[in-house]
Amino acid sequence: MESAEKSLLRFTTTGSVDDGKSTLIGRLLYETKSIYVDQYEAIKKTSKRKGLKDVDLALLLDGLAAEREQGITIDVAHRYFETPRRKFIIADTPGHVQYTRNMVTGASTADCAVILIDARNGVLTQSKRHGFIVSLLQIPHMIVAVNKMDLVDYSKEVYDRIVSEYQAFSDKLDIHDIVFIPVSALKGDNVVEKSANMPWYEGTTLLHYLENVHVSADRNLVDFRFPIQYVVRPHLDFRGFAGKVVSGTIGPGEEIVALPSGKTSAVRSVVTYDGELQEAFAPQSVVLTLRDEIDVSRGDMIVRRNNLPQVSSRFEAIICWMDEKPLSMADTYVLKHTTRTVKAFVSRIIYKIDVDTLHRGQASSFGLNEIGRVEIAAASPIFFDPYKLNHGTGGFILIDPLTNQTVGAGLIRGVSKTLEEVIEGEKKDEVQQRRSPHAVWSGWNIPREVREDRNGHQAAVLWLTGYSGSGKSTIARRLERVLFDAGCQSMLLDGDTVRHGLCGDLGFSAKDRTENIRRAGEVAKLFFEAGKIVICTFISPFAEDRAFVRSLFPSGRFFEIFVKCDLDVCKRRDPNGLYGKAMVGEIKEFTGISSPYEEPQHPECVVETDLHSVEDIVGALLRQLEKDGIIERIYLS
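Small disclaimer: the values here were computed from a predicted structure and weren't measured. (Residues numbered from 1 in each chain as written. Predicted model: local features only at pLDDT ≥ 70, side-chain atom pairs only at ≥ 80, totals over all residues. Heavy atoms only, no water.)

What to know about the nonpolar core
Ranked by size, the top nonpolar core spans 73 residues in total, and within it Phe-11, Leu-28, Tyr-166 and Leu-210 carry the most contacts. Ignoring any residue separated from it by four or fewer positions in sequence, one finds Leu-210 in contact with Leu-9, Phe-11, Leu-28, Arg-86, Phe-88, Cys-112 and Ile-143. By size, the runner-up hydrophobic cluster in this structure holds 25 residues, among which are Leu-462, Ile-475, Cys-488 and Leu-492. (Core = buried A, V, L, I, M, F, W, Y, C linked by side-chain atoms within 4.5 Å. Buried < 20%, exposed > 50% of the residue type's maximum accessible area, 1.4 Å probe, protein only. Contact = heavy atoms within 4.5 Å.)

Section: the pairing of strand β1 (residues 7-15)
The pairing of β1 with strand β3 (residues 86-92) spans seven bridges and is parallel. Bridge pairing in β3 places Leu-9 opposite Phe-88. Pairing analysis gives five bridges linking β1 to strand β4 (residues 112-118), with the strands arranged parallel. When the bridges of β4 are listed, Thr-14 appears paired with Ile-115. (Pairing = 2+ DSSP bridges. Helix = DSSP H or I, 4+ residues; strand = E, 2+ residues; numbered from the N terminus.)

Some points on helix α17 (residues 614-627)
For α17, which comprises 14 residues, the first-to-last C-alpha distance of 20 Å matches the rise-based estimate of 20 Å (1.5 Å per residue) to within 8%. Buried within α17 we find Ile-617, Val-618, Gly-619, Leu-621, Leu-622 and Leu-625. Structurally, α17 contributes buried residues whose contacts are with β23 (460-465), α11 (472-485), β26 (558-564) and β27 (605-608). (Expected span 1.5 Å × (residues − 1).)

Overview of the confidence of the model for the protein chain
Here the protein chain averages 85 in pLDDT, and 91% of its residues register 70 or above. Taken as a whole, residues 64-68 scores under 50 in pLDDT and shows ten contacts with residues more than four places along the chain or in a different chain. Counted against residues more than four places away or in other chains, residues 429-433, with its pLDDT under 50, gives six contacts. (pLDDT = per-residue confidence, 0-100.)

Section: the pairing of strand β5 (residues 141-147)
Where burial is concerned, most of β5 is hidden: seven out of the seven residues are buried. A two-sided burial pattern is seen for β5, the buried positions comprising His-141, Ile-143, Ala-145 and Asn-147 on one face and Met-142, Val-144 and Val-146 on the other. As paired elements, β4 and β5 share seven bridges and run parallel to each other. Bridge pairing in β5 links Asp-118 to Asn-147. At this point the chain moves from β4, through helix α5 (residues 125-136), to the parallel β5, and the crossover so formed is right-handed. With six bridges connecting them, β5 and strand β6 (residues 177-182) associate as parallel partners. Note on β6: the bridge partner recorded for Ala-145 is Ile-181. On the question of chirality, the crossover connecting β5 to the parallel β6 by way of helix α6 (residues 156-170) is right-handed. (Right-handed = clockwise from strand over helix to strand, strands pointing away.)

Put into structure tokens, the structure is as follows:
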């Protein structure tokens, strides 16, 4: 077989200190004749000088002085070798917890991971941590090499016990192909050749598995994504867009859309240095020419018209912090995603993951090597897929703009959307500044503060959100009655009320719901500026819509009130018969039946109508308003 026809496998090795991963790689290199004679003679002499009985093949790998001194792996070492069947790139990554960032970096491009477990020590906490990181990075194939079998007399019982324990743990991981192999890297058992010392083992050798594992099916050849690297214009008659196909395939004649502009066209040709292609696929670097002259520049992305990524300036991600300086939510970072670079900050830390126990905990910051889930807010939208579906557009790094150092690596979570939702999503980022053309803002005739002084209370917006039938309107009506009787200026905006007129042209699709909430928020703002306490009751199922409304008001004047109630209770109540209609299909995309409800993560108040009375809840809300200085004390009659 010619070398040019060989497939390439990238794999990573990791294990606890002294599990023998460097020795294993050295054994692979030696057995496949991938080292020079003088290299072998050099480490043979070194081993003899150290008084070792066998040649220490690990010396081929540990390049740093600190590694040689400590006998551990610190930096990520890459080695290359090939067999008659395949080419290999090995990333030898450190296993110790303090070098987690190095392991994440080295394993991020791997197709397969080899985790070593010392047969004498069994499954350690670090062994589980390595499995978790492999799962986190969505490496599809994992080999658990139970090493140093020669030191446990090639015991089948020891091997079976380790396999059983690790299988029980790995059931929790998102890895579907796990292979266990008993080996002795030092002696060469089951590394390249089958071992005569373990006749009870009927499986494959390590090299045989690496040569035959099928990885092409793991690559995303469906979702075409082409981030623009450079616009090629050598003369007036040629304009092409250079970049790397990070996933999918493309050919002449196929319809495309350029993001973020949303302009559509078709591919005229796929150009390379060696001539034009009839098809380009990942990971080829090519130049695309289009049939139409549309505005595309570096950082934009060309995709298929009917296969679109998600577009947003706010998304959730799992990140690994890589800097000595802890993550700060007050700092601005540079987010590098494909060829696009934008300013960004961490707007919310959702949880931190204990990589040893997999437990999630609260955190206000991440230190070096810590991993967790966060929300990222970028200055402008990026185009991405969930990392699980597309590694090329699902990963990013964060850079400190002052030191220019990479401080974090992230894996995006999320779902793709339709073209209409993508374009709508872009507009949503601009919605706060929406205004009619040529309209000139003249300011309020009477400032809100003046109105508040005359009213004797401050203006505020109470936004009640929850399932239909949760009791929002009942609470709102009672609360407004109490406020009104106490002399407060108030206004109640109910979801059903605004759909009789203002929002009467809207349905219940996600797009219409978003527009409904936008209009309601803008109306609430008008009443707010009139100095009133505005009570709004809307299901408002999407967190992004509620965040938009919150952004319309000053800090401390918007109260998100989560009216919590079990969905089954809401269905039984069904005051307007809507659940019944939704369940027989008369109402499409109804929240709780055929459309999701995103619960508030940090509401100002949570009330539970299936546990407490309306009077108790209204009393609690009045005390909350008093506590925050909106009203003076009001007593319920």
